[in-house]
Amino acid sequence: MKKNIKPQRRHQIPPPPGLNSRYRFETFVVGPNNEFAHAACTAVAEKPGQTYNPLFIYGGTGLGKTHLMHALGHTILGQRPAAKVIYVTSEQFTNDFIQAIGDSSLARFRRRYRAADALLIDDIQFFAGEERSQEEFFHTFNALCDSNGKQIVMTSDLPASKIKNLEKRLVSRFESCLTAKLAPPDTETRIAILKRKAEDWRLCHLDAAILKFVARRIRNSVRRLEGALIRLASFSSMNPGTLDLRKADELLRDFLGAEETKKVTIPEIQKHVAAYYDVRQSDLLGRKRHAQIAQARQIAMHLSRELTNASYQEIGDAFGGRDHGTVMHACRRTQSKCQDQEKLRRQVHHLLDELSNLESN
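Residues numbered from 1 in each chain as written. Predicted model: local features only at pLDDT ≥ 70, side-chain atom pairs only at ≥ 80, totals over all residues. Heavy atoms only, no water.

A. Layout of the overall build of the protein. In terms of regular secondary structure, the protein is built from 17 helices and 5 strands. In terms of overall dimensions, the protein has a C-alpha envelope of 85 × 60 × 40 Å along the principal axes. When each of the 361 residues of the protein is scored for burial, the buried share is 48%. Counting contacts in the protein only where the partners sit at least 6 residues apart, residues at least 24 apart contribute 74% of the total. Carbon and sulfur atoms make up 49% of the accessible area of the protein, which totals about 19100 Å². Between the averaged position of the 55 positive side-chain charges in the protein and that of its 41 negative side-chain charges there is a distance of 5 Å. (Helix = DSSP H or I, 4+ residues; strand = E, 2+ residues; numbered from the N terminus. Buried < 20%, exposed > 50% of the residue type's maximum accessible area, 1.4 Å probe, protein only. Contact = heavy atoms within 4.5 Å. Areas by Shrake-Rupley, 256 points an atom, 1.4 Å probe, with all protein chains shown as cover. Lys, Arg positive; Asp, Glu negative; His and termini not counted. Charge placed at Lys NZ, Arg CZ, Asp CG, Glu CD.)

B. Up close: the environment of Tyr23. Positionally, Tyr23 belongs in the segment before helix H1 (35-46). Residues Tyr23 and Arg111, 88 residues apart in the sequence, show an inter-C-alpha distance of 28 Å. If we ignore the near neighbours within four places in the chain, the residues touching Tyr23 are Thr66, His67, His70, Ala71 and His74.

C. Region of interest: the layout of surface pockets. A volume near 530 Å³ is recorded for the second largest pocket. Lining the second largest pocket we find 17 residues, and of these Pro32, Phe36, Lys181, Arg346 and His349 sit closest to its centre. Where the lining of the second largest pocket is concerned, the elements lending two or more residues are H1, strand E5 (178-182) and helix H17 (342-360). With 6 residues, H17 is the single largest residue contributor to the lining of the second largest pocket. Of the residues that constitute the lining of the second largest pocket, the class distribution is 6 nonpolar, 5 polar and 6 charged. (1 Å grid on protein atoms, 1.4 Å probe; cavity = no way out; pocket = protein on both sides within 12 Å on 5 of 7 lines; lining within 4 Å. Points joined across faces, edges and corners; volume = space filled by probe spheres on them. Nonpolar A, V, L, I, M, F, W, Y, C, P; charged D, E, K, R; others polar.)

D. View of the packing of helix H14 (residues 291-307) against helix H16 (residues 324-340). Relative orientation of the contacting elements H14 and H16 amounts to 100 degrees, with a least axis distance of 8 Å. Here H16 runs roughly perpendicular to H14, going by the angle between their axes. Here Gln295, Gln298, Ile299, Met301, His302, Arg305 and Glu306 of H14 lie close against H16, whose contacting residues are Thr326, Val327, His329, Ala330, Cys331, Arg333, Thr334, Gln335 and Lys337. (Axes fitted to C-alpha atoms, helices over the stretch in contact; angles between N-to-C directions. Parallel < 35°, antiparallel > 145°, perpendicular 65-115°, else oblique.)

E. Highlighting the confidence of the model for the protein. A residue-level look at the protein finds 92% of positions with pLDDT of 70 or above and a mean pLDDT of 87. Below pLDDT 50 for its whole length, residues 1-13 participates in 2 contacts with residues either more than four positions away or in separate chains. (pLDDT = per-residue confidence, 0-100.)

Structure (structure tokens):
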């Protein structure tokens, strides 16, 4: 009598340490601020080492760089479970390098990193000032680039040219990469992020008006949006039926206070947009309907909505006494045009970047 032989289970290769299982492409909310970076990462994940290699992603803290990096790693492993994916921060790379020097194990260190099928290295700006680590990474970078099918993805808070104390040869290598920037999400994307998080965390008891309030007040960091949502959810679960807008404002005062310290004014936005489009600031407040002036006016209204806490009516008042409906139309029209017209989208994002820099100065 033959024994029943149970089929052997296929060995499951676990993801490398450091990859967060929550950070996947399915959980990433795509908006105008991040669609190019998202598209580049999905393309790389589908064909690592063949498309957009190396890839350099940069943007402010809390905008989703690490999320995209982890999602990319998970996707590669989902398609090729045996692939050697290494995810580290630049600080960890430096610590491993120092340890290897101390243990006289540099050869093993180099084999590990240079044998990677995909090297995902986060926060590259922390290499600044670390001369020997920069040299070691320079050679690792070159070794992987020269190997067929090896993928490198890096993230940074800043573009390579603005990272202080970074060797020129590294800056040159990084600038040769495909570069994708993450900007702060617009209001609609922030609302979508909060709704997605509320659904994922089963926080359906939070009122939509409160989510919109949070999205309007916290503009510059997805991570801060998540922190605010957790705080409100915790209070609401312990005090059912007592969370309203006034209480939300009180609970989030420290979150909102940090945002308030970096705020551009509507007159500054008007001045900046007028100069960019070569029109007079007074024309933005006037009634002229010339196409260039009308478009600049609508863009300035949209940016005022994005970068300040002013209501539609307050923005209308600042633009020559227009009503809130006019401002709403201008914002929606600008958003619609940005989806259809790449040139305009680039202009609006450029203005948003410059005005955001004014906020932080």
